[in-house]
Amino acid sequence: MLLSGNGMCSMKKTVYLHIGNNYSVDVREIVGIFDMDNTTVKDCTKKLLDKAEKEKKLFLATYELPKTFIVTKKRIYISQLAASTLKKRLVNGGGLGC
């Protein structure tokens, strides 16, 4: 489902979620958005991020203090934006046009 400010966009259009520092992710590819503080304490999350890094599927969208990681079908993105900020952007159209 693709969201916009008025509810939903046509499925023919692609909406991108701006994740910071001029990087965007196709919302159709997103599996989940996770808060670093709440999830990285779990051993399985650490293993997931380590595995993604070894397989060169971990992409840093920031060199600042990371606040979230975004899991997509192909890779994992690290962002300095809070999960709540990314959620607001999704609800309001992704930060980039619909």
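Residues numbered from 1 in each chain as written. Predicted model: local features only at pLDDT ≥ 70, side-chain atom pairs only at ≥ 80, totals over all residues. Heavy atoms only, no water.

### As for the sheet that holds strand β7 (residues 68–72)
Stage number 1. In spatial order, the strands read β5-β7-β8-β6; together these 4 strands make up an open sheet with mixed pairing. Of all the strands in the sheet, the pair left with one neighbour each is β5 (30–35) and β6 (58–60). The sheet shows a mean angle of 20° between the axes of neighbouring strands, direction not considered.
Stage number 2. Inspection of the sheet shows β5 paired to β7 by 5 bridges, in the antiparallel sense. Bridging from a neighbouring strand, aspartate 35 pairs with threonine 68 of β7. (Pairing = 2+ DSSP bridges. Helix = DSSP H or I, 4+ residues; strand = E, 2+ residues; numbered from the N terminus. Axes fitted to C-alpha atoms, helices over the stretch in contact; angles between N-to-C directions.)

### Overview of the confidence of the model for the chain
Stage number 1. The predicted model of the chain averages 85 in pLDDT, with 81% of residues at 70 or higher.
Stage number 2. Per-residue pLDDT, averaged within each element of the chain, yields its smallest value for strand β1 (residues 3–4) (38) and its largest for strand β8 (residues 76–79) (98).
Stage number 3. Within the model, pLDDT remains below 50 along residues 1–11, and this stretch shows 26 contacts once partners closer than five positions in the same chain are excluded. (pLDDT = per-residue confidence, 0-100. Contact = heavy atoms within 4.5 Å.)

### With respect to unusual backbone geometry
Stage number 1. Despite not being glycine, asparagine 22 shows a phi value in the positive range, around 65°.
Stage number 2. Along the chain, asparagine 22 falls in the loop between β3 (16–20) and β4 (23–26).
Stage number 3. Its identity as a non-glycine residue notwithstanding, lysine 56 has a phi of 60°, on the positive side.
Stage number 4. Topologically, lysine 56 is positioned in the loop between α2 (43–54) and β6.

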